[in-house]
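Read off the chains here:
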Amino acid sequence: MAKKVLVVDDEKLIVKGIRFSLEQDGMEVECAYDGEEALNMARENEYDIILLDIMLPKLNGLEVCQQIREFSSVPIVMLTAKGEDMDKILGLEYGADDYITKPFNILEVKARIKAIMRRTTKPAAAEEKAKVVQVGDLKLDCESRRVFIGSREINLTAKEFDVLELLVFNPNKVYSRENLLNIVWGYEYPGDVRTVDVHIRRLREKIEENPSEPKYVHTKWGVGYYFQG
């Protein structure tokens, strides 16, 4: 099955270049040129990944990303012309999985897409893992990648789920922020360890009754994070 990609940018030449290059690799590419169009397409179609420019007409990329996260955990890569760290972290705050700074090399874009797809496509060996894990009120369904607290479903992004899954399957093992970054985001990920802190904070806000006194995801000061049921 060809991987389906949505490319969103108001610069038509950039869209045309990305589309041509991805189609050469056998991917199916659809395009949108403003935020509203992108949001509608994301609601109506299933994509394997979305490339999303930050500076868009009608709705900006961060607003689009935030709204997509309300109904989908599709991997989202932000395209930004700005190189400031805060913009990159802000993109991740809104639920993006990765970012690429313009001007970019199309080979870098393709490498990043393939890396994300490798991480989000679970290998067959993972099937042997317990499909449903229950720890206290927390239930993790690994096959459908859904999380519940009691009977309430918690909407996690792909990366938030990956972090939680890793910690749950290795209880009481302390992972440094560098470890988590390498395992969950991959060695080729250009971000820094603040990305991990942002995701842990968002995860706690979603699964913990009191995020400042966590029941599940704990901090070992000066070392890293671990899971304890």
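Residues numbered from 1 in each chain as written. Predicted model: local features only at pLDDT ≥ 70, side-chain atom pairs only at ≥ 80, totals over all residues. Heavy atoms only, no water.

As annotated in an unreviewed UniProt entry, the protein chain carries the name Stage 0 sporulation protein A homolog and is attributed to Wansuia hejianensis. UniProt's Function (unreviewed entry) comment on the protein chain is quoted here verbatim: "May play the central regulatory role in sporulation. It may be an element of the effector pathway responsible for the activation of sporulation genes in response to nutritional stress. Spo0A may act in concert with spo0H (a sigma factor) to control the expression of some genes that are critical to the sporulation process." (UniProt positions renumbered as here; feature names shortened; annotations may be inferred.)

Participant: Let's hear about helix H2 (residues 35-44): which residues, and what values?
Facilitator: Considered for burial, the residues of H2 that qualify are Gly35, Ala38, Leu39, Met41 and Ala42. The buried residues of H2 all sit within an arc of 165° when viewed along its axis, so they share a single face. On its buried side, H2 packs onto strand E1 (4-8), strand E2 (28-32), strand E3 (49-53) and helix H3 (61-68). The backbone nitrogen of Glu36 has a side-chain oxygen 3.0 Å away, supplied by the residue at the start of H2, namely Asp34. (Buried < 20%, exposed > 50% of the residue type's maximum accessible area, 1.4 Å probe, protein only. Helix = DSSP H or I, 4+ residues; strand = E, 2+ residues; numbered from the N terminus. Arc of directions from axis to C-beta. Contact = heavy atoms within 4.5 Å. Polar contact = N/O pair within 3.5 Å; in protein donor to acceptor, adjacent residues only side chain to side chain.)

Participant: Can you break down the pattern of salt bridges residue by residue, with the values?
Facilitator: A complete count under the given rule lists 18 salt bridges for this structure. The salt bridge involving Arg112 is made with Glu108; its shortest N-O contact spans 2.4 Å. One end of the pair is Arg112 and the other is Glu108, both in helix H5 (residues 106-120) and four residues apart, which spans about a single turn. (Salt bridge = Lys/Arg side-chain N within 4 Å of Asp/Glu carboxyl O.)

Participant: Got a sec to walk through the sheet that holds E3? Specific residues and values, please.
Facilitator: Pairing is parallel in the open sheet, where five strands are placed in the order E2-E1-E3-E4-E5. The sheet is open, and its two edges are formed by E2 and strand E5 (98-101), each paired on a single side. Neighbouring strand axes in the sheet, compared pairwise and without regard to direction, differ in orientation by 20° on average. Note: E1 against E2, five bridges, orientation parallel. Counted as the bridge partner of Leu6 is Glu30 from E2. Packed on one face of the sheet, H2 meets E1, E2 and E3 and runs near 140° to E2. (Pairing = 2+ DSSP bridges. Axes fitted to C-alpha atoms, helices over the stretch in contact; angles between N-to-C directions.)

Participant: Explain the confidence of the model for the protein chain to me, and be specific about the residues and the numbers.
Facilitator: Interpretation of the predicted coordinates at a detailed level should be avoided for regions scoring low in pLDDT. Across the protein chain, the average pLDDT comes to 85, with 88% of residues at 70 or higher. Low pLDDT (under 50) marks residues 123-128, which in the prediction has one contact with non-local residues, meaning those over four places away or in another chain. (pLDDT = per-residue confidence, 0-100.)

Participant: Describe in detail the pairing of strand E4 (residues 76-80), supporting the description with residues and values.
Facilitator: With respect to burial, E4 is a largely interior element, five of its five residues being buried. Looking at chain direction, E3 and E4 are connected through four bridges and run parallel. Within the sheet, the bridge partner assigned to Leu51 lies in E4 and is Val77. As for the winding sense of the linkage, the β-α-β connection from E3 through H3 to E4 is right-handed. In this structure, E4 lies alongside E5, joined through four bridges in parallel fashion. When the sheet's bridge partners are listed, Thr80 is paired in E5 with Thr101. (Right-handed = clockwise from strand over helix to strand, strands pointing away.)

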